[in-house]
Amino acid sequence: MIIVMKQDATSEEKERVYREIHRVGLRYQAIHGVERTVIGVIGTQPDTGRIQVEVLPGVEKVIPILRPYKLASRELKKDGTVIAVNGVEIGGNRIVVAAGPCSVEDEESLIAVAEHVKRSGASLLRGGAFKPRTSPYSFQGHGEPALKSLARAREVTGLPVVTEVMDTMDIPLVGEYADILQVGARNMSNFSLLKELGKQPKPVLLKRGRASTVTELLMSAEYVLSGGNMNVILCERGIRTFENGTRNTLDLSAVPALKEATHLPVFVDPSHGTGRRQYVEAMSKAAIAAGADGLLVEVHTNPEEALSDGEQSLRPEDFANLMESVRRVAQAVGRTAVV
Ligand code: PEP
Ligand code: MN
C-alpha cells in the first residue's frame, strides 16, 4: 500500500507513521517529492491488513497497490526515476547510450573503443570482466585486471563504467571499480545476488531473463529496491522464441509496457536482442521511438577477432552512424539529442 502524506505533514507526523509501520512488522520506503511525501509500505499481505494509519495525523489517504511489485510500481511514484551517475542522468529527457566491447580484452583496445564511442556521443562505457558464457570452454573474462582496465578507460575518457557482476562473492570487487553494476539475463532470477545488490549503493542495470515475463523482470527489480537500493535500470535484451533468424527476439513492446508499469528507467540492448550487427541500428531507432531511455550497444575495433559476440558488435564507424540516426529519432519523439 501507499500512504500519501498531507502537503503540510510535519516530520513528527511522518515519524509516527514510520513507527506504526514498524510496529506491525512491516518496512517502508519514503519518497520525498517536491509537494508531498509518499510512503510505500512493504511486507507480506496479511500484515499489510493489520496496519492502521488512515487515522493518524498528517495522513491524507491510503491506497492499496494492486500489482505484485510495489516499490517498482508507477502507482507509488508517478514521475520517472532519474539516476545520476557521475554527472550522467539516466531516465531524464536525454537519451543515454552505453557502448563498448562485449568483453574487456586488452587495455589498449578498450581505451581505443572508449574514445571512439565517446566521440560519437556515448555517455557510458560498457565491457564485461566476468562473462556468463553458455560453454565453460568459452572465454570467461579477464576478471580483476579487466576491471582495472575499465577504471583506466574511465580515467582517460571520463565515461562512467557499467560492467556485469555474476556472483554475490564478487560484489565488493566489482563495486570498487564499476559505476553501475550489471545483472545479466542469466542471473535475473538469482535472488541471492539481487538481495545483496539491494544492500549496496551503486545503481544496478538489470537485464531481462531470456524466458522471463515483464512482470518477472519487475519482481526481480523489486528484490533490489526492497533491499533499500532504489536505483535500478531495466534492460530489454530479447527473449527466446521459436524464431531463429535472430539470436533472440527483441521484445520492443516491453518498452511501453514497462514505462506504463514502472517509474524506473528502461534501456534496450539491440546487440544481444538481435545477435546481428546489421540489425542493430534499426532496432536502436525503434527502441528510442518506442520510449526507451537508453541503449546498451556492443562496439569493437575489430569484431572479426573479438573474443565474444563479434557478430553483433559494431565497428566504431557503424556506431557513429547509429548515433547520428538515433539523434534524429530522439528529436522526432521529443527527447534530447544524444550527439
Ligand atoms: C552482456 O551485456 O554483456 C550480456 C552478457 O548480456 P545478456 O546478459 O543480456 O546476455
Ligand atoms: Mn555480449
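Residues numbered from 1 in each chain as written. Chains lettered and ligands numbered in written order. Predicted model: local features only at pLDDT ≥ 70, side-chain atom pairs only at ≥ 80, totals over all residues. Heavy atoms only, no water.

### Concerning the sheet that holds strand E4 (residues 59–63)
In step 1: The strand order across the open sheet built from four strands is E2-E3-E1-E4, with neighbouring strands paired in antiparallel fashion. Both outer strands of the open sheet, strand E2 (27–32) and E4, are each paired with one neighbouring strand and no more. When the angles between neighbouring strand axes are averaged without regard to direction, this sheet yields 20°. (Pairing = 2+ DSSP bridges. Helix = DSSP H or I, 4+ residues; strand = E, 2+ residues; numbered from the N terminus. Axes fitted to C-alpha atoms, helices over the stretch in contact; angles between N-to-C directions.)

### Brief notes about the domain arrangement of the protein chain
In step 1: Domain boundaries in the protein chain define domain 1 (2–63) and domain 2 (83–332).
In step 2: Its C-alpha centre places domain 1 at a distance of 36 Å from the equivalent point of domain 2.
In step 3: Contacts between the two partners involve four residues from domain 1, matched on the other side by five residues from domain 2.
In step 4: Summed over both sides, the interface between domain 1 and domain 2 buries roughly 310 Å², with carbon and sulfur atoms accounting for 55% of that surface.
In step 5: The largest contributions to the domain 1 side of the interface with domain 2 come from Arg27, Gln29 and Ile42, which together make up 88% of the buried area.
In step 6: The interface formed by domain 1 and domain 2 holds zero salt bridges in total. (Domains from an automatic or database assignment. Contact = heavy atoms within 4.5 Å. Buried area = accessible area lost by both parts, 1.4 Å probe. Salt bridge = Lys/Arg side-chain N within 4 Å of Asp/Glu carboxyl O.)

### What about the coordination of the manganese ion (ligand 2)?
In step 1: Bound to the manganese ion (ligand 2) are the protein donor atoms Cys102 (SG), His272 (NE2), Glu298 (OE) and Asp309 (OD), situated 2.0 to 2.3 Å from the metal.
In step 2: Donor residues for the manganese ion (ligand 2), ordered by position in the chain, follow C-x169-H-x25-E-x10-D. Of this pair, His272 sits in helix H9 (residues 270–274) while Asp309 is found in the loop between strand E14 (294–298) and helix H11 (316–332), placing the two residues 37 residues apart along the sequence.
In step 3: The class of Asp309 is buried, set by a relative accessible area of 19%. (Donors = N, O, S within 2.8 Å, 3.2 Å for Na, K, Ca; no water. Buried < 20%, exposed > 50% of the residue type's maximum accessible area, 1.4 Å probe, protein only.)

### A few points about helix H7 (residues 214–226)
In step 1: Compared with the 18 Å implied by 1.5 Å per residue over 13 residues, the 18 Å span of H7 between its first and last C-alpha is a close match.
In step 2: For H7, every residue scored as buried is listed here: Val214, Leu217, Leu218, Ser220, Ala221, Glu222, Val224 and Leu225.
In step 3: Elements that come into contact with the buried residues of H7 comprise E2, strand E3 (37–42), helix H6 (191–198), strand E11 (204–207), strand E12 (232–236) and helix H8 (254–261).
In step 4: Immediately downstream of H7, the backbone of Gly228 shows phi near 115°, a positive value. (Expected span 1.5 Å × (residues − 1).)

### Things to note about the side chain of Thr157
In step 1: Structurally, the position occupied by Thr157 is in helix H4 (residues 144–157).
In step 2: Thr157 gets classed as buried once you look at its relative accessible area, which sits at 6%.
In step 3: There is a polar contact of 2.7 Å between the side chain of Thr157 and the backbone oxygen of Ala153.
In step 4: Setting aside residues no more than four positions away along its own chain, Thr157 makes contact with Ala114, Glu115 and Lys118. (Polar contact = N/O pair within 3.5 Å; in protein donor to acceptor, adjacent residues only side chain to side chain.)

### Topic: the nonpolar core
In step 1: Core analysis: the largest hydrophobic core is formed by 75 residues, its most contacted members being Leu206, Leu234 and Phe319.
In step 2: The two domains that each donate at least three residues to this core are domain 1 (2–63) and domain 2 (83–332).
In step 3: Listed in part, the 16 residues of the second largest apolar core include Met5, Val17, Tyr18 and Leu56. (Core = buried A, V, L, I, M, F, W, Y, C linked by side-chain atoms within 4.5 Å.)

### What to know about the environment of Glu35
In step 1: Residue placement: Glu35 occurs in the loop between E2 and E3.
In step 2: Glu35 gets classed as exposed once you look at its relative accessible area, which sits at 54%.
In step 3: Sequence separation between Glu35 and Val174 is 139 residues; the distance between their C-alpha atoms is 37 Å.

### Here we look at the packing of H6 against H7
When two helices pack together, their arrangement is given by the angle between the helix axes and by the axis-to-axis distance.
In step 1: At a minimum axis separation of 6 Å, H6 and H7 run at an interaxial angle of 40°. As the angle between them shows, H6 and H7 are arranged oblique. Between H6, through Phe191, Leu194, Lys195, Leu197 and Gly198, and H7, the contact on the second element is made entirely by Ser220, Tyr223 and Val224.
In step 2: For the contact of H6 with H7, the per-class residue count stands at five nonpolar, two polar and one charged. (Parallel < 35°, antiparallel > 145°, perpendicular 65-115°, else oblique. Nonpolar A, V, L, I, M, F, W, Y, C, P; charged D, E, K, R; others polar.)

### Here we look at unusual backbone geometry
In step 1: Of note in the backbone geometry, Asn86 takes a positive phi value of approximately 45° without being a glycine.
In step 2: Tracing the sequence through the fold places Asn86 in the loop between strand E5 (83–85) and strand E6 (88–90).
In step 3: Of note, Asp309 is a non-glycine position whose phi angle comes to about 55°, a positive value.

### Comments concerning the pattern of salt bridges
In step 1: As enumerated under the stated definition, the model contains 19 salt bridges in all.
In step 2: Where Glu155 meets Arg152, a salt bridge forms, and the shortest distance between an N and an O atom there is 2.9 Å. Note that Glu155 and Arg152 are positioned in helix H4 at a spacing of three residues, about one turn of the helix.
In step 3: Residue classification places Glu155 among the exposed positions, given a relative accessible area of 61%.
In step 4: Note on Arg152: relative accessible area 37%, which makes it partly exposed.
In step 5: A salt bridge links Glu196 to Lys199; the nearest nitrogen and oxygen atoms lie 3.0 Å apart.
In step 6: Look at Lys199 and you get exposed, because its relative accessible area is 61%.

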